[in-house]
Amino acid sequence: ADARQRFVALGAFVDGLERDLTTLCQWTSSQPDLAAIEAGRVQARADGEFELAARIGDVSASTRVKIEGSQERLPFSFQRDVGGLLTRQGCNSTDCHGGVKGKGGLKLSLNALFPKDDYKWLVEGGKYEVLTAEQTEELVPRIDKENPAQSLLLLKPTDMVTHGGGKRFEADSPDYEKILKWIQDGAPYGEESGESAVRIEGIEIFPRQTVLQSEGRRQLLVTARLSNGRREDVTDQVIFASNNEVVAQVDSSGVVQAGLTGETSVMVRAAGHAATARVGVIGETIPDYPDVETRNFIDEQVFAKLRKFNILPSPLSGDAEFLRRVCLDVAGTLPPPARVREFLADPDPHKRDKLIETLIESDEYVTFWAYRFADLFRVHFSAQQNLKKTHQYMEWVRNRVAQNVPYDQVAREHIAAQGYAGTTQHYYRVAALMEPHEMMAEVVRGFQGVRLECAECHNHPFEAWSQDQFWGLTAFFGKITHVQQHGLMVDFPEGLGGRHGGASITHPRTKAEVSPTFLDGAEAGADQLMDLRMELARRLTSPDDPFFARATVNRIWGAFFHRGIVDPVDDFRSTNPPSHPDLLDALAQDFVAHGFDIKHLIRTIVQSRTYQLTSEANATNEDDEINYSRFRPRLLDAVVHLDAISRATGVDEVFELDRFVGGGPYAKGTRAIELLADVTPHRFLDVAGRPNRQALPEKLEKPTLAQALHRQAGSIYNEKIGREGGRVDRLVKSDAGDQAIIEELYLASLCRFPTETERAALEKLIAESPTRREGVEVLTWALIGSREFAYNH
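Not measured: the values here are computed from a predicted model.

**Examining the overall build of the protein chain**
Stage number 1. Along the protein chain, the regular secondary structure elements total 28 helices and 23 strands.
Stage number 2. Judged by the C-alpha coordinates and their principal axes, the protein chain covers about 100 × 80 × 45 Å.
Stage number 3. When each of the 793 residues of the protein chain is scored for burial, the buried share is 54%.
Stage number 4. Intrachain contacts of the protein chain at a sequence separation of at least 6 include 62% that bridge at least 24 residues.
Stage number 5. In the structure as shown, the protein chain presents an accessible area of about 35800 Å², 50% of it carried by carbon and sulfur atoms.
Stage number 6. Averaged over its 92 positive side-chain charges, the protein chain has a centre that lies 2 Å from the centre of its 116 negative ones.

Okay, structure coming up:
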């Protein structure tokens, strides 16, 4: 009863765009008595089937519509009916009663996420208290069962009583009547479970992605998946919001209006659920958009969106550009000049794939990706452990990379570590320096890509995370026991008397002891208490977990493209939607299907044409930052940058441990990516922004003034160049001519030959220098100090 369904008529135009013609079409039904039809809106009247047609000029389209149960009414649901109404009116948004403390003495949960709380606050009264579960003020119900029309829940939004949010609806509106009838019926809560209960289990938006020209319009349709297996049009029961109203605005009925060119997301919130749609606004379309070759599903997803958004991808990178890029990204090092010559001269059409395999199976790959995961796992020295234990932790990371251990297993070993060595050193350290809730939040952020910290003191103000969920997860980390004199870290159900660890977790608001509780609300059973974190780790790394695989592929993707599909890579939330949701899902599904194989994931990424595009822009993609239409140059990591300078100059850097851990030099030939970051002082690395591993890694920022000054006067640039036995010294003392020297320096630093213009100018530079050596040194300084050298591109 009262079921409605919107239909949208789309026109496919010769310029490749779809346009919304719904309001321009003539709509007809083969059985007019079954439903009322107006501008694509169908209102059920009686059971039956009919043909629904839309016509404009000589073009038409049709679909079959089936109506059944038209006299049956859905059972009442407080969350769906009352919570949905409050959501659509914006009453429970973060800037109104859905804020942390609510407004005007009334607190509601964001988008009716927690309907039991909402029901209590409306029917019984009360105010949310951050520090206690007890009520400190008089309870003021928002409804009046004896005199429903005098309920504050009706008087306030109709502005009959002063309301800070202004008038939300009229006294003769359907929303008013719905709330009034609910109160008159005794303000029931309705059923949450059982055969008669009907809940919204999720919402979907059509289209998930749309492209408009300036001034274009498009109707969004929102469909709810109900617990009884049916789907319901809820477009009129949700609230829409554009993340960038300059690009696109959206009205209360879901009609998107294009503005300036660009891309944004439209947020849709229903009772207890949220979803997003991507909206692109373009200028002129590209006639005869070319077919672009694809190599795998990554390209299919990326190029399909580029075509839709009228963005041309840049051409494939040249061999020199690709060689330098992939060596730095996969192995963290520059190829030697001889290897560059060999690769550039090789006519084999499969040489790129062969190079990728060589790199993935190399020792350099192991060292580089051990460094990357050491950042994520925060391998560093602290006063709570000796240097030997730190090396053991680092060796655990390196072994997992070298053996290509499935990443779900690596995550479980890290999350659930117990014992003496390996990853236990992470908890051995944090057991003394971090509280259990901080450990939990780091694990969830690192392996799930979700930031839960905002739910520590109250329900998350923007997402569907409750304070109870936060502390339920924290309880899994409450039994870590740190036996200091033995270097042992282990979980004991009751802890060990007199030693650090084994604390009970107390909920900060209720002051009650918290039982370990999974995100789905299930408490850990008695048989799981002996190894709590392992039980949690199994859940978090399950193929069915909605975050683990997606967060992992997103983090690895971000390492190659300088931005995640969700960016930042560890900030999955409804208000930060992925730029390519289907691509993210496809990568995650492929990752799971191949047993959480990191090498397979890396191979898939670097083999794609998307990764191998040149960094040179064209007229259509010069402003594109998020669609991977070209390769975005990015600053080299500090340690990779230093190793590259050493490689280009042919002079190894000498590193020494800090005196407070015993001092002394590292072995000759040690690379910067092999260092223990926090016990190896080094001015260049500090200036270049190496992570100290005191927190989870963040994306590198733009170059700094200190870096520029260091390039001008720093010892790394100025002393290595002229060092005896270095590349410049060897070249100047050899019989090589100026042209050969220029080529060698270009190949060693930029992995390409100089252009004819560059070659001629540089031969002149060397010839006009006071000495030949000085000219070659100036050239070398210019090369390793250039933007082309400092960036991967």
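**Points about the packing of aromatic side chains**
Stage number 1. Taken as a whole, this structure holds 30 aromatic pairs when the rule is applied.
Stage number 2. Centre to centre, the rings of F78 and Y119 are 5.3 Å apart; their planes meet at 90 degrees, and the pair counts as edge-to-face. Of the two residues, F78 sits in helix α1 (residues 78-88) while Y119 sits in helix α2 (residues 115-123), which places them 41 residues apart along the sequence.
Stage number 3. Since its relative accessible area comes to 1%, F78 is described here as buried.
Stage number 4. Their ring planes at 45 degrees and their centres at 5.6 Å tell us that F78 and W182 sit as a pair that is tilted. Of the two residues, F78 sits in helix α1 while W182 sits in helix α4 (residues 174-184), which places them 104 residues apart along the sequence.

**A short note on the sheet that holds strand β13 (residues 231-233)**
Stage number 1. Read from one edge of the open sheet, three strands run β9-β12-β13, paired in antiparallel fashion. The strands lining the two open edges of the sheet, one partner per strand, are β9 (200-206) and β13. The sheet shows a mean angle of 30 degrees between the axes of neighbouring strands, direction not considered.

**Examining the packing of helix α25 (residues 738-749) against helix α26 (residues 756-768)**
Stage number 1. Two elements in contact, α25 and α26, have axes whose closest approach is 10 Å; the angle formed by their N-to-C orientations is 115 degrees. For the crossing formed where α25 meets α26, the hand is right-handed. Contacts between α25 and α26 pair D738, Q739, I742, E743 and Y746 from the former with E758, R759, L762, E763 and I766 from the latter.
Stage number 2. Here the contact of α25 with α26 is built from residues that sort into four nonpolar, one polar and five charged.

**Section: the sheet that holds strand β6 (residues 41-44)**
Stage number 1. Strand order in the open sheet made by the three strands is β1-β6-β5, with antiparallel pairing throughout. Single-partner strands in this sheet number two, and they are β1 (4-6) and β5 (35-38). Within the sheet, the average angular offset between the axes of one strand and its neighbour, ignoring direction, is 15 degrees.

**Thoughts on the layout of surface pockets**
Stage number 1. Taken as a whole, the second largest pocket encloses approximately 1500 Å³ of empty space.
Stage number 2. Lining the second largest pocket we find 49 residues, and of these L113, F114, S466, D468 and Q469 sit closest to its centre.
Stage number 3. Each residue belonging to the lining of the second largest pocket can be placed in one class, and the counts come to 19 nonpolar, 15 polar and 15 charged.

**Some thoughts on the state of the cysteines**
Stage number 1. Per the counting criterion, the structure on display carries zero disulfides.
Stage number 2. Looking at the unpaired C457, the closest cysteine sulfur is the one in C454, lying at 9.3 Å.
Stage number 3. Not engaged in a disulfide, the cysteine C751 finds its nearest cysteine sulfur in C327; these two sulfurs lie 6.8 Å apart.
Stage number 4. The class of C751 is buried, set by a relative accessible area of 0%.

**Looking at the side chain of S109**
Stage number 1. Take S109: it is sitting in the loop between α1 and α2.
Stage number 2. In contact with S109, other than residues within four places in its own chain, are N92, F114, D118 and W121.

**Things to note about the pairing of strand β8 (residues 59-67)**
Stage number 1. Direction of pairing for strand β7 (residues 48-56) relative to β8: antiparallel, over a ladder of nine bridges. Residue A54 lies in a different strand from β8, and its bridge partner there is A61.
Stage number 2. Here β7 hands over to β8 after two residues, with G57 in that stretch at a positive phi of 60 degrees.

**Details of the pairing of β7**
Stage number 1. Two strands pair when backbone bridges link them, and strand β4 (residues 26-29) and β7 are joined in this way by four bridges, in the antiparallel orientation. Across the sheet, the residue bridging to T28 is A53, located in β7.

**A closer look at a nonpolar patch on the surface**
Stage number 1. A cluster of nonpolar side chains, contributed by L24, I56 and V59, occupies part of the molecular surface with about 270 Å² of accessible area.
Stage number 2. Its location among the elements puts V59 in strand β8.

**As for the packing of helix α17 (residues 581-593) against helix α18 (residues 598-607)**
Stage number 1. Orientation of α17 relative to α18, taken along the N-to-C sense of each, is 140 degrees, at an axis distance of 9 Å. Taken as axis vectors, α17 and α18 run oblique relative to one another. Handedness of the crossing formed by α17 with α18: right-handed. Where α17 abuts α18, its residues L587, D590 and F591 lie against I598, H600, L601 and T604.
Stage number 2. Here the contact of α17 with α18 is built from residues that sort into four nonpolar, two polar and one charged.

Scoring rules and cut-offs
Residues numbered from 1 in each chain as written. Predicted model: local features only at pLDDT ≥ 70, side-chain atom pairs only at ≥ 80, totals over all residues. Heavy atoms only, no water. Helix = DSSP H or I, 4+ residues; strand = E, 2+ residues; numbered from the N terminus. Buried < 20%, exposed > 50% of the residue type's maximum accessible area, 1.4 Å probe, protein only. Contact = heavy atoms within 4.5 Å. Areas by Shrake-Rupley, 256 points an atom, 1.4 Å probe, with all protein chains shown as cover. Lys, Arg positive; Asp, Glu negative; His and termini not counted. Charge placed at Lys NZ, Arg CZ, Asp CG, Glu CD. Phe/Tyr/Trp six-rings, centres within 6.5 Å; stacked < 30°, edge-to-face > 60°. Pairing = 2+ DSSP bridges. Axes fitted to C-alpha atoms, helices over the stretch in contact; angles between N-to-C directions. Left-handed = near helix turned anticlockwise from the far one by under 90°. Nonpolar A, V, L, I, M, F, W, Y, C, P; charged D, E, K, R; others polar. 1 Å grid on protein atoms, 1.4 Å probe; cavity = no way out; pocket = protein on both sides within 12 Å on 5 of 7 lines; lining within 4 Å. Points joined across faces, edges and corners; volume = space filled by probe spheres on them. Disulfide = S-S within 2.5 Å. Patch = residues over 30% accessible without salt bridge, like charges linked within 9 Å, V, L, I, M, F, W, Y side chains within 5 Å. Salt bridge = Lys/Arg side-chain N within 4 Å of Asp/Glu carboxyl O. Parallel < 35°, antiparallel > 145°, perpendicular 65-115°, else oblique.

What is shown is where atoms sit, not what they do.
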